[in-house]
Amino acid sequence: MSDNTELEAHLAEQDSFDPPASFVEQANVSDPGIYEEFEQNWPDCWERAADLLDWNEPYDQVLDDSDPPFYEWFTGGELNASANCIDRHLDERGDEVAIEWIGEPVDEANRTYTYRDLYEEVNEFAAALRELGVGEDDVVTMYMPMIPELPIAMLACARIGAPHSVVFAGFSAEALATRMESADSEYLVTCDGYYRRGDPLDHLGKANEGLDSVGHDVESVVVDRLGDDGFDHGLSDSQHDYDELVDEQAGTEVDPVSRDAEDMLFLMYTSGTTGQPKGVKHTTGGYLSWVTWTSRAVLDVKPEDTYFCPADIGWITGHSYIVYGPLALGTTTMMYEGTPDYPERDRMWEIVDEYDATQFYTAPTAIRAFMKWGAEYPERHDLSSLRLLGTVGEPINPRAWKWYYKHVGDEACPIVDTWWQTETGGMMVTGLPGVSTMKPGSAGKPLPGVDARVVNMDGDPVEGGQAGYLTVNRPWPGMLRTLYKNDERFVEEYWATYSDTDSTDSEDWVYFPEDGAKIDDDGYITVLGRVDDVVNVSGHRLGTMEIESAIVGVEGVAEAAVVGGEHDVKGEAVYAYVILEDGYDGTEEMREEIVEGVEDAIGPIARPEAVVFTPELPKTRSGKIMRRLLEDIANDEELGDTSTLRNPDVVEDIRVTVQD
Ligand code: WTA
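Residues numbered from 1 in each chain as written. Predicted model: local features only at pLDDT ≥ 70, side-chain atom pairs only at ≥ 80, totals over all residues. Heavy atoms only, no water.

*Asks:* So what exactly am I meant to see when it comes to the packing of helix H12 (residues 285-297) against helix H13 (residues 316-328) here?
*Replies:* The relative placement of two packed helices is expressed as an angle between their axes plus a distance between the axes. Running from N to C, H12 and H13 cross one another at 85°; their axes reach a closest spacing of 8 Å. Between H12 and H13, the angle is such that the two are roughly perpendicular. Residues Tyr 287, Leu 288, Val 291, Thr 292, Thr 294 and Ser 295 of H12 form the contact with H13, whose participating residues are His 319, Ser 320, Tyr 321, Tyr 324, Gly 325, Pro 326 and Ala 328. (Axes fitted to C-alpha atoms, helices over the stretch in contact; angles between N-to-C directions. Helix = DSSP H or I, 4+ residues; strand = E, 2+ residues; numbered from the N terminus. Parallel < 35°, antiparallel > 145°, perpendicular 65-115°, else oblique. Contact = heavy atoms within 4.5 Å.)

Following this line, the structure appears as structure tokens:
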């Protein structure tokens, strides 16, 4: 055996890894006593997070838990998120890079914003938004790809106290319209288009189509991203050119509005168990403290770093860990417009090498793709600037973890596997890289001060080695405050399962993230995945109900059931089982119409991997579709219990169809 194979074999067997001494020495957090200290001092321990920010008015109380689950954090305090992410760094770091943007066409479009540049443009755009009529608490929607004007618009909104609601650019026109309607949002910031693999893509056409189905008037701002490559839409009277607005405000400064800690910073729509996306509300004080603290403690961000998270700002990871956390700490945050395999499969490593990136934080789906492409791509580059690696969004299998550790981190970088969700605002269960032993495949223990447990159906903790449901048994500053204009659904979805909802004692309230998990004897938690009707495709949350209603909207479809099936790279893929109306056949054409229907309603990301036409769906006697069986079929597994089925034969029939 060569040395290398011996090493590989050793790595394959190893199931725990200590953080490298060189990392621990310089880590922002390296004292293991922090767990006990936070426990003893809860909830005041969270002053440590709030103290990372500049407050205009100091808070009176760390936690107000008098009306659970409507918790309030840092009450009485006032601050501004944009001032915390920009203004306060100007004196010392005004000429340092805030945003390093890597755009397309490759090597031509890159832009660098120092903190001073960012200050100027955010102020000018904030002034422009005001001029357009945006007032405090007006929700401004952003429908933009990964271009610098997106974080600029977010920070401009934060500056004038207008909450933003960012809609992922890959979502459809219809998805945009639903979210704008739901948020009563009368302002939109978008762009003409963007580049994918070297080609210009039309975005404004899609935005316009969305605007057509919004029932109220909307003023929009359009960024000219494509220049001469642009599509010929023109701008209507209610559409304004971004550059013109900003130029008109050249040099204007806007005082950051002092916001109450509990004032809304933004809304983010996410998928849930019903067809209607939920507007998750995050606040200024609690959220910003949480993402700043976790960026510092978990991602080990320091001002002199060049931090790289190639996620999309259209999802929560980009909000918390490209924009707010890193900028609040005054570091250099990178933004990447393109895809990881264009122009070549070494694109990520080329960027890390060229910019000397110090952290790299991505989703397991990307790591599985890198692994499939092969180690030769990272090997082409010098990745020694990297100090820490991270993952987020889905479970990572130990093999992918070890590949990442060896081939990207050169066995010298700790990996943080971070469990959290849109609703938690920031990381909840993950190791502290300067303290914790890592176990590949497991997110680790809850962060200091976080009381996450794995429980059975009665809410009692399961024993080490057992699986159950993940719960969070104490509030935390970054938590969602409510679902926008829907307190009832907020209580119902997240709290009712494990709480005594009649109680006003905070100890009787338990947050349920709707994830299954297991815990080992050392208290390490492995999150297994959603237990509600949500699929996780490439780390993106999609509601099966949303996809089903899109399919049922296609002419000729009588009924549809959507489940997640395992997928090598994406983690999960969408499987659609479809019953057609009489007179319609399961032709290739029909299949295409269904796929298109889903793309139109949600976006290409929800595109079904398989569409299976079937005369019936497995149902219980009470008529409920047995999704679990459909999942077994999708995964080609032994079928679970079929005894409660009204129509047991149908399952075998469907299975035969799938195998064909
Ligand atoms: C899943 C993304 C396993 C989980 C930040 C959660 C994970 C959902 C992990 C949230 C992880 C996230 N290990 N599963 N480290 N991180 N998940 O709201 O099912 O887009 O509930 O937030 O992703 O997805 P969301």
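*Asks:* I tried to follow the site of the ligand on my own but got confused; where do I start?
*Replies:* For the ligand, the set of nearby residues contains 17 residues, the closest of which are Asp 417, Thr 422, Asp 515, Arg 530 and Arg 541. Between the ligand and Thr 422, the relevant distance is 2.6 Å, taken from an oxygen atom to a side-chain nitrogen or oxygen of the residue. Separating an oxygen atom of the ligand from a side-chain N or O atom of Arg 530 is a distance of 2.8 Å. The protein chains hide 98% of the 530 Å² of surface that the ligand would expose on its own. Those elements that place two or more of their residues in the shell around the ligand are H13, strand E20 (415-418) and strand E24 (525-530). Here the shell around the ligand is built from residues that sort into six nonpolar, six polar and five charged. (Near = heavy atom within 4 Å. Polar contact = N/O pair within 3.5 Å; in protein donor to acceptor, adjacent residues only side chain to side chain. Areas by Shrake-Rupley, 256 points an atom, 1.4 Å probe, with all protein chains shown as cover. Nonpolar A, V, L, I, M, F, W, Y, C, P; charged D, E, K, R; others polar.)

*Asks:* Hey, could you run me through the nonpolar core in this one?
*Replies:* One broad trend across soluble globular proteins is that nonpolar side chains are buried collectively. Residues Trp 46, Phe 125, Met 142 and Tyr 324 are the most contacted members of the largest nonpolar core, which totals 121 residues. If one sorts the elements of this core by residue count, helix H7 (residues 115-132) sits on top with 10 residues. With sequence-adjacent residues up to four places away left out, Phe 125 is seen in contact with Ile 152, Ala 153, Ala 156, Val 189, Val 221, Tyr 242 and Val 246. Phe 168, Ile 594, Ala 601 and Phe 613 belong to the second-largest nonpolar core, a separate cluster that totals 40 residues. (Core = buried A, V, L, I, M, F, W, Y, C linked by side-chain atoms within 4.5 Å. Buried < 20%, exposed > 50% of the residue type's maximum accessible area, 1.4 Å probe, protein only.)

*Asks:* I keep staring at the environment of Leu 617 and nothing clicks. Help me out?
*Replies:* In this fold, Leu 617 is placed in the loop between strand E29 (610-613) and helix H21 (627-634). Measuring from C-alpha to C-alpha, the distance between Leu 617 and Ala 561 comes to 7.8 Å, with 56 residues separating the pair along the chain. Aside from chain neighbours lying at most four places away, what touches Leu 617 is Glu 559, Ala 560, Ala 561, Tyr 577, Ile 579, Ile 625, Leu 630, Asn 647 and Val 650.

*Asks:* Sorry, what's going on with the sheet that holds strand E11 (residues 219-223) here?
*Replies:* Within a beta sheet, neighbouring strands are joined by backbone hydrogen bonds and run either parallel or antiparallel to one another. Spatially, the seven strands line up as an open sheet ordered E12-E11-E8-E6-E7-E14-E15, and their pairing is mixed. Whereas interior strands pair on both sides, the edge strands pair on one side only; in this sheet they are strand E12 (239-241) and strand E15 (278-283). Going from strand to strand, the sheet's axes swing by 25° on average, the running direction of each strand aside. With three bridges joining them, E11 and E12 adopt parallel strand pairing. Across the sheet, Val 221 pairs through a bridge with His 240, a residue of E12. In the packing of H7 onto the sheet, contacts are made with strand E8 (187-191), E11 and E12, and the angle to E11 comes to roughly 150°. (Pairing = 2+ DSSP bridges.)

*Asks:* What's the story with the sheet that holds strand E23 (residues 515-519) in this structure? I'm lost.
*Replies:* On the basis of which strands lie adjacent, the open sheet formed by four strands has the order E21-E22-E23-E24 and antiparallel pairing. Pairing within the sheet leaves two strands with one partner each, and these edge strands are strand E21 (452-455) and E24. If you compare each strand with its neighbour and ignore which way they point, the axes differ by 40° on average. The pairing of E21 with strand E22 (residues 467-472) spans four bridges and is classified as antiparallel. When the sheet's bridge partners are listed, Val 454 is paired in E22 with Leu 470.

*Asks:* What am I meant to see in the side chain of His 164 here?
*Replies:* Structurally, His 164 can be placed in strand E7 (residues 164-166). The class for His 164 is buried, based on a relative accessible area of 0%. Side-chain polar atoms of His 164 contact the side chain of Tyr 324, separated by 2.7 Å. The residues contacting His 164, other than those within four sequence positions of it, are Val 140, Met 142, Met 154, Cys 157, Leu 265, Phe 266, Leu 267, His 319 and Tyr 324.

*Asks:* So what exactly am I meant to see when it comes to the pairing of E24 here?
*Replies:* Looking along a regular strand, one sees the side chains alternate between the two faces of the sheet. Relative to E24, E23 runs antiparallel, the two sharing five bridges. Its bridge partner lying in E24, Gly 516 is registered against Gly 529.

*Asks:* What am I meant to see in helix H18 (residues 487-494) here?
*Replies:* Because an α-helix completes one turn every 3.6 residues, residues spaced three or four positions apart along the sequence face the same direction. The complete set of buried residues in H18 reads Arg 489, Phe 490, Val 491, Glu 493 and Tyr 494. Against E15 lie the buried residues of H18.

*Asks:* Can you walk me through the pairing of E11 in this structure?
*Replies:* Burial runs high along E11: four of the five residues are buried. Bridge count between E8 and E11: five bridges; the pairing is parallel. Of the residues in E11, the one forming a bridge with Leu 188 is Ser 220.

*Asks:* Help me understand the pattern of salt bridges in this model?
*Replies:* Where charged atoms of side chains with opposite charge meet at close range, the side chains can pair. According to the stated counting rule, one finds 33 salt bridges in the structure shown. The salt bridge involving Asp 184 is made with Lys 485; its shortest N-O contact spans 2.4 Å. Separated by 301 residues along the polypeptide, Asp 184 in the loop between helix H9 (173-182) and E8 and Lys 485 in the loop between E22 and H18 bring together distant segments of the chain. With relative accessibility at 43%, the residue Asp 184 sits in the partly exposed group. When salt bridges with common partners are traced through the structure, they connect Lys 278, Glu 423, Arg 489, Glu 493 and Arg 541 into a single cluster. (Salt bridge = Lys/Arg side-chain N within 4 Å of Asp/Glu carboxyl O.)

*Asks:* When you look at a negative patch on the surface in this model, what are you seeing that I'm missing?
*Replies:* Negative charge collects at one region of the surface, where Glu 174, Glu 209, Asp 212, Glu 555, Glu 581, Asp 582, Glu 589, Glu 592, Glu 593, Glu 596 and Asp 600 lie side by side. Secondary structure elements with two or more residues in the negative patch: helix H10 (204-212) and helix H20 (588-601). The greatest single-element share of the negative patch, amounting to five residues, is contributed by H20. Of note, Glu 209 is situated in helix H10. (Patch = residues over 30% accessible without salt bridge, like charges linked within 9 Å, V, L, I, M, F, W, Y side chains within 5 Å. Lys, Arg positive; Asp, Glu negative; His and termini not counted. Charge placed at Lys NZ, Arg CZ, Asp CG, Glu CD.)

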